[in-house]
Structure formats: C-alpha cells, structure tokens
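# Structure assessment
As a plain string of letters, each chain reads:
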Amino acid sequence: MALISSLLALRRDARILKIPPYLSALCIVIGIAWLLVLPLNDYSRNTYVSENALLPGQVHTYFAGSEHNVFRAYRHEVWGLNEKPVAERSQRLADMFRSNNLKVATQKYSYHVSNRTIANENVYAILQGPRADATEAIVLIGAWKNMQDEANTSGVALVLTLARYFKRWSLWSKDIIFLVSGDSTTGPQAWVDAYHDGHDERHVERLKIKSGALQAAVAVDYPAGPWGHRYDKLHVLYDGVNGQLPNLDLFNTAVQIASSQMGIGCAIQRMFDHRDSYKERLHTMLRGMVSQGLGHATGPHSSFIPYHVDAITLSTVGDGWHDEMSLGKTIESLFRSLNNLLEHLHQSFFFYLLIQANRFISIGTYLPSAMLIAVNFSITSIALWVASGRSTEPIPNPAATAPLEDEPVKEKTAEKSATVTPPTSSEKPDMELVEQNGAKALVPAASTTITERHLLFPLLSVLTMHFLGLLPLYLFNTWSSDTLPALYLTMANATTLFPLLVAWFFAELRPLSHQENTLIQCFSLLLLGMILAALATLNFSQSFLIGVLAAPLSFVRKTNKTWLTVLQLILLALINPVMVAQWSAKLLGADLNHVLVLAAQGWAVWGLWTQVTVWLVWFPAWVCATVVVAGGAVEGGIL
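Residues numbered from 1 in each chain as written. Predicted model: local features only at pLDDT ≥ 70, side-chain atom pairs only at ≥ 80, totals over all residues. Heavy atoms only, no water.

Glancing now at the overall build of the protein chain. For the protein chain, the helix and strand inventory stands at 21 helices and 15 strands. Scored against the burial criterion, the 639 residues of the protein chain give a buried share of 51%. A separation of at least 24 residues holds for 82% of the contacts in the protein chain among residues at least 6 apart in sequence. (Helix = DSSP H or I, 4+ residues; strand = E, 2+ residues; numbered from the N terminus. Buried < 20%, exposed > 50% of the residue type's maximum accessible area, 1.4 Å probe, protein only. Contact = heavy atoms within 4.5 Å.)

Next up, the structure:
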C-alpha cells in the first residue's frame, strides 16, 4: 500500500514531465542504430528457396543452336520498326506472333496526365499449355522502351524468339502470355489493370482474349542495338509500386539459376561491384529503402505486384562475355521452374530487405527500428496530454498577503510556531514551512493542480490542417507539367509563410492559451505516430524515412527565448516537406521537375500513395508544429 501511495503521489510531481523528451530521443537513437547493425551477419541470413516444387536449375536447357539465328533475324526486324508508327509496329509484331500459331490481340491505351497525353499500344499473344486447362498463366514481358527510354531491341527480339521456341514444347502445364508493351510503366499497368477488369474504359481498351489467373511475370530489359551486345551481369529489379515486393522465392530462383546454372553474376539496386563488405551491404540496403520509400515503378514488373502477381525484371548491364543465348537459357530454366508450381508462391517472405543478391533481412528483424521511430511521437504526445491537464501556477501564499499585526501578536505567533516541525511528504504533501519576519509557519505550497481540458478548438485546428493538405495533393497531381516548376516555387514560398500567418492570426484575433498550444501539438503527434506505426507494416522504408525526417517535431516547443525560437524556426524550415523534396532530389542526383512529373503520372496511372503520406500525414504535422513555435515569435515581437 505504501508503494501504491508513493506511485500515486508521483503523478503530481512536475519533474516526471522532464523524462519523455529523453525517452523519445532514446527511441530515435536506438531505432537508427538498430538499422545500422542489420547488415551484420548476426542479423541477416543467406537466401534460400522455400518452395521445393520450384527445383531451380535442375533441368537441362535446350535454347541454343538454330535459335541463335532466329533471334538475330528477329532482332534485325525489330530494329527496323523503331521509326515506324505505332499502328504499323503493332501490326508487324502481331504478325510475327501469329506466324507461330499463337492467339494474338492488341490493346490501346491513352492517359491524360498533367495536361499531356500518354498514348501507345500493347501487343500480346497467348500460348495455351498442352497440359493446361487455361486456369493459370505466366507472363513474359518485353517493353518496347526500357526505364531509361532506350529501345529494348534485343529484349523484344528475345521474347519473340522464346515464343517460337516454347510453342514446340509439350511440357507446359500453364499458359504462357507474351506481352510487348508500348513502354515500361504505363503499358504494363494498362494491360494488367484490364486483365483484372480494374481499368477505366475511357482510357484503356479492354482485352479481347485472356487466360487464367496470373502466377508470375518476368520482364526482359536487353537494350542492345541491331548487332547485339555482350553483357557482364544481370541486374535483378524487384521493387513494386508503393514499396510492395514479390515473393522472395521468385527472386531467389532467378538468382540461383543465373549464377549457379548459367554462371551469370547478379546485382541489385545498381550495386554492380559488390564486394560484400559492411559498407556495401549498408549502401545496398539504403538504396533499396529509398526506392521502396518513394514507391515508384522500377520496371515493367512493378505494375503486377499490387495484383499479387510475383514479378521481376532481368536487365543486362556491363560489358562481358555473356550473350542473348545465356539470357534465353536463364529465362527458359526460370519458366520451367514456375511451370512446376502447384499453387501460388506463398511459403517465402513478402517483406524483406536485401543487402546483396544472396543475403536478406526478414521483417521480424528490421521492423522494430521503424516502430521505435513511430513510438517516439506517441511518447511525446502522451507527455503533452498530461502537461495539458496540469497547471503549475503557485497557490497564493496567505502569509505574504496578510497584514502585519502589532509586535505582541508577532511574539505570540513566534512562540507558538517554535515547536512546529517540518512535515513529511506523506503527512502534508501540499504544505510547506516558511519563515517571515523571524516567525515560521505552515502555509499551502506551490504545487501542480489539475485543470479542465478544452478539446474542441485544438481538435478542429488539427483536423483543418490535415484537410488543407488536400489542396497541394490535388494541385501537384493535376497541374500542367509545363508549369509544375512554377507551382513548386509558389508552394515552397506559401508553405514557409503559411504557419507564420496562422500564428499571427491567432495572436491578433483569437490568442491561443498555453493549454491549447499543447493540445494542438499533442493531437498532431498522436496522429503522426499512429499512422507511421501502421504504415511500417505495409511500407517499412517509407515509414522509417518520414519518421526520421519528422523526428524534430517531437522536440520543438513554444518558448519566450528569442534565440531558441529563431533556431527552431530555421530547423523547421529545413525539414519542410517541400524543401526536403528539393534537397533530397539534389542529393540523389535527380531532376526535381522530372520527379514531379513522374509523381503525377504515378498518381494517375499506378495508384501511387506516396503523395498521400506526404501531404495528408507529414505536412499537417509540420504545419501544426510550426504554428505552435511561431506563436512564440509573434508574441515576442520577432515577427
């Protein structure tokens, strides 16, 4: 009972509110440190194939000999179509597929994004498996242009060659779909949307022929010219839209076949010279986190993953001795493995971080780092909630306000007070012993009292800030691509001045009390922490990156110290989401205008949700914190 009484008395101790800032800082430090130790051997594992039916590299491949001549003929013909109109090109590709006795169809698509039109045409053919009942299918993709907007001549020629080659085999227990998309992102998205009846018929034509449920998809990126090009390694791309990932078994199968069976080295995240050191492992992991955090499409495969279709892209890089026949054999062996599947890939991981082609980190190991970052906001919000219900104003001291009596009374009071002993905290926690004019007396002490919380205005303020995020979300996704740079400049200036104007408005027309300032920050950080914690289970990288960038929001406060207020406003200006987009683009070597155009395209075509996280979660939290801090600048006469 004594322990319980002590704990209950501790609740009224104002010193307890000094602990949460240190606890929040500790969570941030541990969360970042947790991430930095992940590349070590103790926290990562070698990759392995969980699905025994795949049997990667266990079959003999026959793609060789005369197929090389067929490939070179197709490559020469495909190269000649580069300058042809889209309709003529599609017609000729369809004829090539029909010559191999395949069912062929075309699909037109036209998207209107940021006042510009993205229009092209897909060509696809279906090989009905001799042992299949049209209930399952595998997709082989060769985009006409790759992600670098280069002509994927050899990639398309290889798809045509494999279509002819696969047609002669009677072992297929699944249908095989050969897709030549107009580009690497919009075309595959239009096709897979229409395949699952999720398309908008105003922009995307429906598919004339279909097969069964898609089990997996493999895209080929081989941008060699009309005379071919030998490559050194295969760059395996696996990031999907919104940070989604394919089943790790598909990735492991492709890497094992390429490296073990074909002797082709594999690279990920553009780390082409990986020596398996800690620094390179960390670099690879961070590259993967940035890619997943942005949520953009990294290849033709990205559009399939949101439909639970495991997909990867095999891209040739470097100068070496491997040629198109090695790549053809790799794809043949990979399709032979996928042909063995009796059910959808499910045994391996869907959430992972790769630190090299043969080593990964599972979700149970890396998830706590993002959760700790998110928890820091929740800890601060709880502390602010407690502080909002407390008043630290001292209780008036009667001894200081009572009129002094004549000397005899003073002596009598002093005589009676001489025997008074200081009370213990358990006896009279709200009294203190004071001395006035040589006399000692017990008087009410200055203590923390509980006050009523006024929640309506802080709640409305926070919700209003979140709804205001819809304005930039709409503008950046619908504005003309030619004027997006001007919109960005306007938004950078507006977002910098907006919190200051709001703080001035409150100071002049509706001054905020200390409790209301505290509650605004409390509710804002509570929402931020809850959303980032939920997001960490869907897109760990995005949650972690935004959590680290927004971490200073847990520590800024309204203050009467001029230098501290100015310092906080400068820090908040640097972590303004609009400014973060600018300096991070420079850091990554990307063109900001191109990034804005791709983001608008991702919103309209891919269903990208990164803008939602930025404008409806991160940006409102930043505005609320800046308004609170700027309130001190307005009241102090700085602004």
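One non-glycine residue with positive phi stands out, namely Asn115, at about 65°. Looking at where Asn115 falls in the secondary structure, it is placed in the loop between strand S2 (103–113) and strand S3 (116–127). Within the chain, Asn242 stands out as a residue other than glycine whose phi angle is a positive 60°. For Asn242, the position within the fold is in the loop between strand S7 (231–237) and helix H7 (248–261).

The UniProt record marks residues 21–40, 455–475, 487–507, 519–542, 562–580 and 615–634 with the feature "transmembrane region" (unreviewed entry), using the residue numbering of this structure. Across residues 487–507, helical content stands at 100% and strand content at 0%; the span's end C-alpha atoms are separated by 30 Å. Secondary structure across residues 562–580 comprises 89% helix and 0% strand; the distance between its end C-alpha atoms is 26 Å. (UniProt positions renumbered as here; feature names shortened; annotations may be inferred.)

What follows concerns the pattern of salt bridges. Going through the model one piece at a time under the given rule, you end up with 15 salt bridges. Residue Glu136 pairs with Lys174 through a salt bridge whose shortest N-O separation is 3.4 Å. With a gap of 38 residues between them, Glu136 in strand S4 (residues 136–141) and Lys174 in the loop between helix H5 (153–167) and strand S5 (175–180) connect regions that are remote in the sequence. Judged by its relative accessible area of 2%, Lys174 is buried. (Salt bridge = Lys/Arg side-chain N within 4 Å of Asp/Glu carboxyl O.)

On to the pairing of strand S10 (residues 352–356), then. The element S10 is extensively covered by neighbouring structure, given that five of its five residues are classed as buried. Hairpin connection, S10 to strand S11 (residues 359–362): the antiparallel pair is bridged by two residues. (Pairing = 2+ DSSP bridges.)

Attention now moves to the sheet that holds S11. An order of S1-S11-S10 is seen for the three strands of this open sheet, with the pairing classed as antiparallel. Looking at the sheet topology across the chains shown, the edges are occupied by strand S1 (45–46) and S10. Note that S1 and S11 share two bridges and pair antiparallel. Residue pairing across strands places Arg45 opposite Phe360, the latter belonging to S11.

Right, let's talk about the sheet that holds strand S9 (residues 310–322) for a bit. In spatial order, the strands read S2-S3-S5-S4-S6-S9-S7-S8; together these eight strands make up an open sheet with mixed pairing. Edge positions in the open sheet fall to S2 and strand S8 (265–267), since each of these has one partner strand only. For this sheet, the mean inter-axis angle between neighbouring strands, taken without regard to orientation, is 25°. Bridge count between S7 and S9: six bridges; the pairing is antiparallel. From the neighbouring strand, Leu237 faces S9, where its bridge partner is Thr313. The sheet contacts of helix H6 (residues 186–195) involve S2, S3, S4, S5 and strand S6 (213–221), and relative to S2 the element is tilted by about 115°. The strands that H7 touches are S6, S7, S8 and S9; relative to S9, the one it contacts most, it runs at about 20°. (Axes fitted to C-alpha atoms, helices over the stretch in contact; angles between N-to-C directions.)

In this structure the tally under the stated criterion is two cavities of 30 Å³ or more. Taken as a whole, the largest cavity encloses approximately 80 Å³ of empty space. Every residue along the wall of the largest cavity is listed here: Ala503, Phe506, Ala507, Leu512, Asn517, Lys558, Val627, Val628, Gly631, Val634 and Glu635. Those elements that place two or more of their residues in the lining of the largest cavity are helix H15 (484–509) and helix H21 (610–635). At five residues, H21 tops the list of elements feeding residues into the lining of the largest cavity. When its volume is computed, the second largest cavity comes out at roughly 30 Å³. In this structure, the second largest cavity is lined by Ala143, Lys145, Asn146, Asn152, Ser184, Ala219, Val220, Asp221, Pro300 and Thr313. Sorting elements by how many residues they give to the lining of the second largest cavity places S6 first, with three residues. (1 Å grid on protein atoms, 1.4 Å probe; cavity = no way out; pocket = protein on both sides within 12 Å on 5 of 7 lines; lining within 4 Å. Points joined across faces, edges and corners; volume = space filled by probe spheres on them.)

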